[in-house]
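Reading the structure
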Amino acid sequence: MKELVIQGLRQAYDNLVHMFAEFLPRLLVMLVIIVVGLFVAYFLKTILRALLHVTRLDRLSEEAGASRFLRMAALPSMTELLSRSLFWVTWSGFILIGISVLGVAGLQEQISRLFLLLPAIFVAILILFLGLVTANFLSRAALLAAVNAGYPAPKLLSWSIRFVIWALAISMALEQVGVARQTVIAAFSIVFGAFMFGLAIAFGLGGRELAREFLERNLGDKKKEKYEEPQPL
Amino acid sequence: MAEESFLADDFLRQLMSVGEVDLLVGIPSHNHASTLLQALHCVEETLRQNFVRERAVILNVDGGSTDDTRKLFIESSERRDVAHKGLTSLRTIHRISVEYDRSPSQGLALHHIVAAADLLRARACAVVSPGTTNLTSNWVANLLRPVYREGLDFVAPLYARSRFQGLLARDLLYPMSRAVFGQRIRELYSDEWGFSGRLATQCLEKEVWQEEAMRARPEAWMAITAIGGGLKCGQYFLGPKPASPAGTSPDLVDAIRQTVGNLFWCMEINEPQWLNRSSSQPVPTFGPDHELSSDGVPASPEKIFDLFRSGVNELEPILASILAPETHAQIKAIALSDRLKFHFAAELWVKTLYEFAASYHHSVLNRDHLVQALVPLYRGRLYSFLLEHANSSPEVMETRSEMVCQEFERQKPYLVERWTTKH
């Protein structure tokens, strides 16, 4: 009986040693991959940051009004945000590769699925950024044009444009990462449709006077509305 | 040569067949079939009456007219050559027509004109607009003569104006360009001007022709290039400037985008030229340097005030990013004041413009948007001007305009400070 216990313990010890002997090199490989990944990610971040400085992305972002939103959200500059995103996406990829080297059953499939998502996440971030820039630029252009032309409710027009572009960008980004694809499309269609329907009702019923004024201004006798502004040049 | 890369082969062939000339008159056109012949007639008369022995070329540069503008020019040239046989034997008036693009651009048109002037070694050149309804042969002669005979390099026109005409030029463009660049040229933005072959060659060498700011209004840049190059500038009184027919001139927003945007851009690219300049100098002037005629206040100026007030309110976040907090607060305060007691002081106006220029330089937002944000403020200043001068005599108005110019010069150190302060 005593021998059986000792033999059992010895076997367990042998198994443990064997397991450690098999696991330790994998752990080391994982650590090496993570450390190498850290350097590669840092290198790529530095390169991207330099490239974005050369292309003056921050200036573009400032001009387009995106930087103001980043500041409001206590986020760093656009260059810093994109280069840091690349750093984390790259390093996360290496970490996942490292973990997969451990060969833990069941984890492999999840990791490979997550790994496939990384480029999509990066593209989604890019889509959101472009959406933000475009929304700010176009809504500001619309606001200025409406104010200078003397149209009523220029802010409503500006915010409508901003909202539509944001909704489009967010739904495109979510679709890109494959989050509840059908739901996102349906939600976007509903939100967009409801928004336009709401505008139509608001403009046609709630703002009948406004609608009449708008149509008269644009389609009616322009001479009636025209005020005299001295010739500037 | 730089121009070899962009001039069409056919145009180059036409230029080579002309050889060298003394005078060149450029006529940029776009759908000017109804007025082109009148302009062409004036130019020909000028050359026949005032420059009998000089070799001359009339160059029509067309921006893709869809009417018969080019056809008319070419056909009229053929007819006139026949009609004036014998009378023109002492000199040659060549006529060339070229389509520089399918859409109009004053910048591209001028680029072709200065390239032609350089290739033909023209001594004096003038640009005239076929859209100017009261163009006379005297106008063309008065733009060419100071260059050809007096040795000037840039000649701006001077016009007799009605009291409330050209206020953007009188209350913003002239005083600001005078304070910044130090030369008292009243009409930097005009449809007619004269320049020397020497200036054309200098301009041709600059790498600015593809810039957006040059597309619509290249003439002020040409004058500023002359000032920066130490060349002689002057101005010639031409006579009354007629109001453009409705729909043919740019509206206020477009006018501000084209001219103020261009002025800020000129400040940007010529920074070393003006940062240390502190006063302004008069330029040689032929004839009176201004003439105002009396007329009534424009109808419904209240609408102008309403647009100012709503603009200040709606554009608050944009103005806050452009203006200093104190300036912005002052503008918001006057926007709330009573319409009949409204006053946009010259001091505040100058400060506002200098802050806009500095913000343009620092690109605090898209530059075209920034310039557009100035429109409501200009309307405020315009309304204040109309209120103040509803019953003023032209002399009083001119005195006040001079005071505004001096205010621009007095505050120039503030511009330099804002311009050079890093944001």
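**Side note on the overall build of chain A**
- Within chain A, the secondary structure is distributed over nine helices and zero strands.
- If you list the helices and strands of chain A from N to C, you get α-α-α-α-α-α-α-α-α.
- Restricting to contacts in chain A with at least 6 residues of sequence separation, those with at least 24 account for 66%.

**As for the overall build of chain B**
- For chain B, the helix and strand inventory stands at 19 helices and nine strands.
- The globule rule puts the C-alpha radius of gyration for 423 residues at 22 Å, and the 22 Å found for chain B is close to it.
- The principal-axis extents of the C-alpha atoms in chain B amount to approximately 70 × 45 × 40 Å.
- Buried positions account for 50% of the 423 residues belonging to chain B.
- The contacts of chain B with a sequence gap of at least 6 include a subset with a gap of at least 24, amounting to 87%.

**Comments concerning the packing of helix α15 (residues 346-361) of chain B against helix α18 (residues 394-410) of chain B**
All names here are of chain B.
- α18 packs onto α15 with a crossing angle of 45° between their chain directions and a minimal axis gap of 9 Å. Relative to α18, the element α15 lies oblique. In the crossing of α15 with α18, the sense of the turn from one axis to the other is right-handed. Each of Ala346, Glu347 and Val350 in α15 lies in contact with α18, whose residues at this interface are Met403, Val404, Glu407 and Phe408.
- Of the residues contributing to the contact of α15 with α18, the split by class is five nonpolar, no polar and two charged.

**Some thoughts on the domain arrangement of chain A**
Residue and element names in this part refer to chain A.
- Domain assignment breaks chain A into domain 1 (1-104) and domain 2 (117-219).
- If you look at the interface, domain 1 gives nine residues, while domain 2 gives nine residues.
- Elements with a contribution of two residues or more to the side of domain 1 that touches domain 2: α2 (57-64), α3 (66-72) and α4 (78-101).
- Among the elements that make up the side of domain 1 that touches domain 2, the one with the highest residue count is α4 (four residues).
- Classifying every residue of the side of domain 1 that touches domain 2 by side-chain character gives four nonpolar, five polar and no charged.

**Side note on the interface of chain B and chain A**
- Chain B puts 33 residues into the contact, and the matching count from chain A is 22 residues.
- Elements that contribute at least two residues to the side of chain B that touches chain A include exactly α6 (167-181), α10 (252-269), α12 (301-314), α16 (367-372) and α17 (375-388) of chain B.
- Per-element tally for the side of chain B that touches chain A: the top contributor is α12(B), with six residues.

**As for unusual backbone geometry**
Residue and element names in this part refer to chain B.
- At Asn31, a residue that is not glycine, the phi angle is positive and equals roughly 55°.
- For Asn31, a count of 18 C-beta atoms within 10 Å corresponds to the partly exposed category.
- Its identity as a non-glycine residue notwithstanding, Arg121 has a phi of 55°, on the positive side.
- Within the secondary structure, Arg121 is located in the loop between α4 (106-120) and β4 (124-127).

**Comments concerning the environment of A:Ile33**
All names here are of chain A.
- Its place among the elements puts Ile33 in helix α1 (residues 2-54).
- Residues Ile33 and Leu96, spaced 63 residues apart in sequence, show a C-alpha to C-alpha distance of 9.5 Å.
- The contacts of Ile33, once residues within four sequence positions are left out, are Phe94, Ile97, Gly98 and Val101.

**A short note on the nonpolar core**
- Grouped together as the largest cluster of nonpolar side chains are 139 residues, with contacts concentrated most on B:Leu23, B:Leu24 and B:Ala223.
- Leaving out residues up to four positions away in the same chain, B:Leu23 has contacts with B:Leu47, B:Phe51, B:Glu54, B:Ala56, B:Ala122, B:Ala124, B:Leu144 and B:Tyr148.
- Counting 18 residues, the second-largest nonpolar core is a separate cluster that includes A:Ala66, A:Ala124, A:Leu132 and A:Ala173.

**Remarks on α4(B)**
- Between its terminal C-alpha atoms α4(B) stretches 21 Å, which fits the 21 Å expected from 15 residues at 1.5 Å a residue.
- Just downstream of α4(B) lies B:Arg121, where phi reads positive at about 55°.

**Focus: α17(B)**
Residue and element names in this part refer to chain B.
- Look at α17: 20 Å from first C-alpha to last across 14 residues, which is about the 20 Å you get at 1.5 Å a residue.
- Extensive coverage of α17 is indicated by the burial of 11 of its 14 residues.
- Every buried residue of α17 is accounted for by Val375, Pro376, Leu377, Tyr378, Arg379, Gly380, Arg381, Leu382, Tyr383, Ser384 and Phe385.

**Notes on the packing of helix α9 (residues 219-228) of chain B against α10(B)**
Residues and elements named next belong to chain B.
- Between α9 and α10, the shortest axis-to-axis distance is 9 Å and the interhelical angle comes to 30°. Judged by the inter-axis angle, α9 sits roughly parallel to α10. Like other packed secondary-structure pairs, α9 and α10 cross with a definite hand, here right-handed. Between α9 and α10, the contacting residues are Ala220, Trp221 and Ile224 on the first element and Asn262, Leu263 and Cys266 on the second.
- Classifying every residue of the contact of α9 with α10 gives five nonpolar, one polar and no charged.

**A look at the confidence of the model for chain B**
- Per-residue confidence for chain B averages 88 on the pLDDT scale, and 92% of its residues sit at or above 70.
- Across the predicted assembly, pTM comes out at 0.81 and ipTM at 0.87.

**What about the environment of B:Leu72?**
Residue and element names in this part refer to chain B.
- Among the structural elements, Leu72 can be located in helix α3 (residues 69-83).
- In this structure the C-alpha to C-alpha distance between Leu72 and Glu407, which are 335 residues apart in sequence, comes to 49 Å.
- Discounting residues that sit within four places of it in the chain, Leu72 has contacts with Ala33, Leu36 and Leu37.

**Focus on the pairing of strand β7 (residues 233-240) of chain B**
All names here are of chain B.
- Strand direction decides the pairing type here: strand β5 (residues 154-162) and β7, joined by seven bridges, are parallel. Looking at β7, one finds that Ala160 is bridged to Pro240.
- Examined bridge by bridge, β7 and strand β8 (residues 285-286) share two bridges and lie parallel to one another. In the sheet register, Gln235 faces β8, and the bridge partner there is Thr285.

**Some thoughts on the pairing of β4(B)**
Residues and elements named next belong to chain B.
- Going residue by residue along β4, you find Ala124 and Ala126 tucked away on one face and Cys125 and Val127 tucked away on the opposite face as well.
- For strand β1 (residues 23-29) and β4, the ladder comprises four bridges, and the chain directions are parallel. Within the sheet, the bridge partner assigned to Leu23 lies in β4 and is Ala124.

The rules we used
- Residues numbered from 1 in each chain as written.
- Chains lettered and ligands numbered in written order.
- Predicted model: local features only at pLDDT ≥ 70, side-chain atom pairs only at ≥ 80, totals over all residues.
- Helix = DSSP H or I, 4+ residues; strand = E, 2+ residues; numbered from the N terminus.
- Contact = placed C-beta atoms within 7 Å.
- Rg over C-alpha atoms; globule rule 2.2 N^0.38 Å.
- Buried ≥ 20, exposed ≤ 12 C-beta atoms within 10 Å, placed from the backbone.
- Axes fitted to C-alpha atoms, helices over the stretch in contact; angles between N-to-C directions.
- Parallel < 35°, antiparallel > 145°, perpendicular 65-115°, else oblique.
- Left-handed = near helix turned anticlockwise from the far one by under 90°.
- Nonpolar A, V, L, I, M, F, W, Y, C, P; charged D, E, K, R; others polar.
- Domains from an automatic or database assignment.
- Core = buried A, V, L, I, M, F, W, Y, C linked by C-beta atoms within 7 Å.
- Expected span 1.5 Å × (residues − 1).
- pLDDT = per-residue confidence, 0-100.
- Pairing = 2+ DSSP bridges.

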